[in-house]
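Coordinate inspection notes
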Number of protein chains: 2
Amino acid sequence: MGDRVSARYEIETAFKLSEAVEAMAGEQSTGTFARVPGETDELREAHAARVERITQTGEGRRPALPGAKVPPAAATRPVYRRAEVELSWPLANMGPSLPNLLATVAGNLFELAQFSALRLLDIQLPPAFASAYAGPQFGVDGTRRLAGVAFGPLIGTIIKPSVGLSPEATAEAVSRLAEGGIDFIKDDELQADGPHNPLELRVEKVMRVLNDHAERTGKKIMYAFNITGGIDQMLQRHDQVRRAGGTCIMVSLNGIGLAGLDHLRRYSQLPIHGHRNGWGLFSRSPDIGMSYRAYQKLWRLAGADHMHVNGLRNKFCEDDDSVVESARTCLTPMFTPPDKDCIVMPVFSSGQTARQVPDTYKALGSTDLIYCCGGGVVAHPGGVAAGVASLRQAWEAALEGRALDEAARDNAELAQALDAFR
Amino acid sequence: MGDRVSARYEIETAFKLSEAVEAMAGEQSTGTFARVPGETDELREAHAARVERITQTGEGRRPALPGAKVPPAAATRPVYRRAEVELSWPLANMGPSLPNLLATVAGNLFELAQFSALRLLDIQLPPAFASAYAGPQFGVDGTRRLAGVAFGPLIGTIIKPSVGLSPEATAEAVSRLAEGGIDFIKDDELQADGPHNPLELRVEKVMRVLNDHAERTGKKIMYAFNITGGIDQMLQRHDQVRRAGGTCIMVSLNGIGLAGLDHLRRYSQLPIHGHRNGWGLFSRSPDIGMSYRAYQKLWRLAGADHMHVNGLRNKFCEDDDSVVESARTCLTPMFTPPDKDCIVMPVFSSGQTARQVPDTYKALGSTDLIYCCGGGVVAHPGGVAAGVASLRQAWEAALEGRALDEAARDNAELAQALDAFR
């Protein structure tokens, strides 16, 4: 493909497949609904999107989404064909720019009347994108170094209740978690710089606890402060976190946008924890939206170091196969050497306890991940320390290939966890 | 509501309505799947989201979206109830911050397993948001002043082919359009700063034409240069446009994000043309996503001056009622005096010709709009000038309450347009 951008889609249309896909290629490049003056053959040759592949995958009698048009010839009894298609574009059209890439691969095409379903499944970018963007600054190795966790997953948790705690109450919660032996703590995405818990004061109070703890134990627990906000606000808040000795910042990706993350990344001296809240809007419908495979590539290239992937048997509606695929894709290189691989740490969360550990390890074959448990840590009957211990015991068992029940015989905290979290 | 944020949703659930909506309120504020230590009654009283209203609107036997859970009691024969619900939150939780507002009103809730449909229909923001954000800098009046169009709609067009023209060829097209009497020209969203047509050179070539034209005629045609890119790139490109005498910049909203637009707005000395490409991802499904009523408020407050709304009988799949509601909402104040109204100019486009003018005026009752026609201008059999004339004649007729056919009797260009565009 050389210097071409390519994208894979799942589509559904009542039109002839080749005709519908040509319209899609036209709309997203040189064409419009009518051939206009200046649209020469040379121009089309050099700049039109190319249809690389069309593979029909099914057909039916009912459109998946309303609003799609039907060709006059098929008006009385339309057949809706489902297909996987691949388009490609010359880099010369948009250049190595993520916001402009989005307009090309995920722009007006979602509204095309020919389609009763259209999902972006994947994108492939030429190396020019790897040169133009910073990518993750810390990734797996940098995160491990800053968190002082050389092996195994980072055992993490989220401050709960999500909102309503004062900075002091947050620091008290952090103190209990630190004593309990946690590796990683994050703000909830609902808690950024609200008047009730201003970030500056929270940073001061929390970092006092974590710096004291580090002095006593030699271990600086990583806390992802939610600095989501305006561009200048984020840079300022980054500085507050860094000055106070903090080692991680968190942002709501969909809230700040690709240009926002890219700008923050170029300034940041800390790992960036990428929170995907709002992701359900992209992913819940099987008929419109974007796969996580495509989505996470955009944010990795723009500079996220950690990306949320949900967790096995989570409290949301995502199934396990999808979670596993999301996590695997975060650990799969985006480019080949000498270009950067942009590998990021997947963040597991949502209803996680010791129970899901063996399947998580089995599915991923790696411990390069952050394993966040709310209830699994703080609701453990033995307390926070026991909650953390139960998770470490579960991961040890998984790495040794021992069943949880067996490992629970000589690990009291794990036994308690298995009893408490069913 | 005082200083509360509120949001209206359409939902579908197999759970008891009140139970499902309470779970939604909990997830988006103080709660999680289990009650945690520290979630006191006082904290809930002060920070929990409040369920303001639940109105059942229908019920059925099949879930709209896959993946939703069913309550054990209803497992064999679930009933899916559809409802409109309203939640509210204290401003103290998130403060007047758009990216953090998004995490609250359009965050994790899209993934909640209780729901087989969930769409954000509207948001209401307290005045603190009007103070915290800049809003549109030029809006209707500023755009009219810069474009030299005191009355009636701005008659506009889009450079086509979208991509593939050189800067020189773009300037030639602009020259023809200027001679034809157009008010407004925009780059296509696919054409920003690609290697084949770099923005800097395009600005130079196009503005030479438009400045010359302004010197000769006294009228500076407004050209919306697509400056979409990274934060620093956009500020730089803004300066290039401004230095060259340009009067408008355009951005792909979903590509640059809310933080990106807000930052650009605080810097900009030019009207910002907001392009919503990618909007179909938010709007195509009746079961997941966001209404334009909610969406456009975010971008207006962040600083867009013009917002795309599609057009009547457009080439996409949006129906006319939806287009009209979108346009009307752009012209409806977001706040009451003394707070700013954030009114923006709706931009009509997509398959527009003289034919849709009377219905557009009838539906909107205003000419505070940009009426963009591609084919309706350049594919007019009499040429560009005749295309523009046909549109002005159609608007005059609409304002006078004359039917197009009648007006065509003494307006040759209009007659030709009605003949050509059926």
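All of these numbers come straight from a predicted model, not from anything done at the bench.

Below, the discussion takes up the overall build of chain A. Broken down by element type, chain A carries 18 helices and 13 strands. The C-alpha radius of gyration computed for chain A amounts to 24 Å, which stays within 12% of the reference 22 Å derived for 422 residues, consistent with globular compactness. Considered along the principal axes of its C-alpha atoms, chain A spans approximately 75 × 45 × 45 Å. For chain A, the proportion of its 422 residues judged to be buried stands at 64%.

The two copies are related by a screw motion: chain B maps onto chain A through a turn of 180° and a shift of 0.0 Å along the axis, at an RMSD of 0.0 Å. Both copies are brought into coincidence by an operation consistent with a two-fold rotation axis. Considering only C-alpha atoms, the residue of chain B closest to the rotation axis is Gly257(B), which sits at 1.8 Å.

With that settled, consider the sheet that holds strand E12 (residues 345-348) of chain A. Residues and elements named next belong to chain A. Read around the closed barrel, eight strands run E5-E6-E7-E8-E9-E11-E12-E13, paired in parallel fashion. Pairwise comparison of adjacent strand axes, ignoring direction, gives a mean angle of 25° for this sheet. Two elements, E12 and strand E13 (residues 370-372), share two bridges in a ladder whose sense is parallel. Paired with valine 347 across the strands is isoleucine 370, a residue of E13.

This part is about the sheet that holds strand E5 (residues 154-158) of chain B. All names here are of chain B. Here we have eight strands rolled up into a closed barrel, ordered E5-E6-E7-E8-E9-E11-E12-E13, and parallel in their pairing. With strand direction ignored, the average angle separating the axes of adjacent strands in the sheet is 25°. Relative to strand E11 (residues 306-308), strand E9 (residues 272-275) is paired through two bridges, and the arrangement is parallel. Residue pairing in the sheet places glycine 274 in a bridge with methionine 307 of E11.

This next bit is on the pairing of strand E9 (residues 272-275) of chain A. Residue and element names in this part refer to chain A. Burial along E9 is two-sided: the residues Ile272 and Gly274 and His273 and His275 are all buried. As paired strands, strand E8 (residues 248-252) and E9 are joined by four bridges and run parallel to one another. Note on E9: the bridge partner recorded for valine 251 is glycine 274. Note that the unit made of E8, helix H10 (residues 253-267) and E9 has a crossover that is right-handed.

As a further point, take the interface of chain B and chain A. With 91 residues of chain B at the contact, the number on the chain A side is 90 residues. Overall, the association of chain B and chain A removes approximately 6900 Å² of surface from exposure, summing both partners, and the carbon and sulfur fraction of that is 61%. Sorting the residues of chain B by area buried against chain A places Glu111(B), Leu281(B) and Arg284(B) first, and these three jointly supply 12% of that buried surface. Across the contact surface, chain B and chain A share four salt bridges. Between Glu27(B) and Lys315(A) there is a salt bridge; the shortest N-O distance is 3.2 Å. At the junction of chain B and chain A, the tally comes to 26 residue pairs in polar contact (both at pLDDT 80 or more).

All names here are of chain B. Burial runs high along strand E8 (residues 248-252): five of the five residues are buried. Alternating residues of E8 divide into Cys248, Met250 and Ser252 and Ile249 and Val251, and every residue in both groups is buried. Pairing geometry for strand E7 (residues 222-226) and E8, over three bridges, is parallel. Bridge pairing links alanine 224 to cysteine 248 in E8. One crossover worth recording links E7 to the parallel E8 by way of helix H9 (residues 231-243), and it is right-handed.

All right, on to the domain arrangement of chain A then. Residue and element names in this part refer to chain A. Assigned domains of chain A: these are domain 1 (4-132) and domain 2 (139-420). In this structure, domain 1 and domain 2 have C-alpha centres spaced 36 Å apart. Facing 25 residues of domain 1, the contacting portion of domain 2 comprises 21 residues. Interface area lost by domain 1 to domain 2 is led by Leu98, Arg119 and Ala130, which between them contribute 32%.

A separate point is the nonpolar core. Here is a general trend for soluble globular proteins: nonpolar side chains tend to be buried in one another's company. Counting 247 residues, the largest nonpolar core has Tyr9(A) and Tyr9(B) as the members making the most contacts within it. With near-sequence residues (within four places) excluded, Tyr9(A) lies in contact with Met24(A), Ala83(A), Glu84(A), Val85(A), Leu87(A), Trp89(A), Val105(A), Leu109(A), Leu118(A), Arg119(A), Leu120(A) and Leu121(A). In this structure, Leu154(A), Ala224(A), Ile343(A) and Val347(A) belong to the second largest nonpolar core, which totals 15 residues.

This part is about the packing of aromatic side chains. Residues and elements named next belong to chain B. Enumeration over the complete set of coordinates arrives at 21 aromatic pairs over all chains. Judged by centre distance (5.3 Å) and plane angle (55°), the rings of phenylalanine 282 and tyrosine 295 are tilted. Of this pair, phenylalanine 282 sits in helix H11 (residues 279-283) while tyrosine 295 is found in helix H12 (residues 292-302), placing the two residues 13 residues apart along the sequence. A cation over a ring is seen here: arginine 276 above tyrosine 292, with NZ or CZ 4.8 Å from the ring centre.

In the predicted model, chain A carries a mean pLDDT of 96, and 99% of its residues have values of at least 70. As a predicted assembly, this complex carries a pTM of 0.97 together with an ipTM value of 0.97.

Okay, H10(A) next. All names here are of chain A. Between its terminal C-alpha atoms H10 stretches only 16 Å, short of the 21 Å expected from 15 residues at 1.5 Å a residue. By the largest-angle criterion, alanine 259 marks the main kink of H10, which is about 70°. Counting buried positions over the 15 residues of H10 gives 13, a clear majority of the element.

For the rest of this paragraph, the subject is the packing of H10(A) against helix H10 (residues 253-267) of chain B. The geometry of H10(A) relative to H10(B) is characterised by a closest axis approach of 5 Å and an angle of 100° between their N-to-C directions. One finds that H10(A) runs roughly perpendicular with respect to H10(B). Contacts between H10(A) and H10(B) involve Gly255(A), Ile256(A), Gly257(A), Leu258(A), Ala259(A) and Gly260(A) from the first element and Gly255(B), Ile256(B), Gly257(B), Leu258(B), Ala259(B) and Gly260(B) from the second. Residue classes in the contact of H10(A) with H10(B) are distributed as six nonpolar, six polar and no charged.

All right, on to the pattern of salt bridges then. Tallying each qualifying case throughout the model produces 53 salt bridges over all chains. Between Arg82(A) and Glu10(A) there is a salt bridge whose closest N-O contact spans 2.9 Å. Of this pair, Arg82(A) sits in strand E3 (residues 80-90) while Glu10(A) sits in strand E1 (residues 4-13), and the two are 72 residues apart along the sequence. Judged by its relative accessible area of 14%, Arg82(A) falls in the buried class. For Glu10(A), a relative accessible area of 25% puts it in the partly exposed group. Between Arg293(B) and Glu325(B) there is a salt bridge, with the nearest N and O atoms lying 3.0 Å from each other. Linking Arg293(B) in helix H12 with Glu325(B) in helix H13 (residues 320-330), this pair joins segments that are 32 residues apart in sequence. Connected via shared salt-bridge partners are Arg8(A), Arg53(A), Glu84(A), Glu86(A), Asp122(A) and Lys297(A).

Reading guide: rules and limits
- Residues numbered from 1 in each chain as written.
- Chains lettered and ligands numbered in written order.
- Predicted model: local features only at pLDDT ≥ 70, side-chain atom pairs only at ≥ 80, totals over all residues.
- Heavy atoms only, no water.
- Helix = DSSP H or I, 4+ residues; strand = E, 2+ residues; numbered from the N terminus.
- Rg over C-alpha atoms; globule rule 2.2 N^0.38 Å.
- Buried < 20%, exposed > 50% of the residue type's maximum accessible area, 1.4 Å probe, protein only.
- Least-squares fit on C-alpha atoms with pLDDT ≥ 70 in both.
- Pairing = 2+ DSSP bridges.
- Axes fitted to C-alpha atoms, helices over the stretch in contact; angles between N-to-C directions.
- Right-handed = clockwise from strand over helix to strand, strands pointing away.
- Contact = heavy atoms within 4.5 Å.
- Buried area = accessible area lost by both parts, 1.4 Å probe.
- Salt bridge = Lys/Arg side-chain N within 4 Å of Asp/Glu carboxyl O.
- Polar contact = N/O pair within 3.5 Å; in protein donor to acceptor, adjacent residues only side chain to side chain.
- Domains from an automatic or database assignment.
- Core = buried A, V, L, I, M, F, W, Y, C linked by side-chain atoms within 4.5 Å.
- Phe/Tyr/Trp six-rings, centres within 6.5 Å; stacked < 30°, edge-to-face > 60°.
- Lys NZ or Arg CZ within 6 Å of the ring centre and 35° of its normal.
- pLDDT = per-residue confidence, 0-100.
- Expected span 1.5 Å × (residues − 1).
- Bend = angle between axes of the 7 residues up to and from the residue.
- Parallel < 35°, antiparallel > 145°, perpendicular 65-115°, else oblique.
- Nonpolar A, V, L, I, M, F, W, Y, C, P; charged D, E, K, R; others polar.

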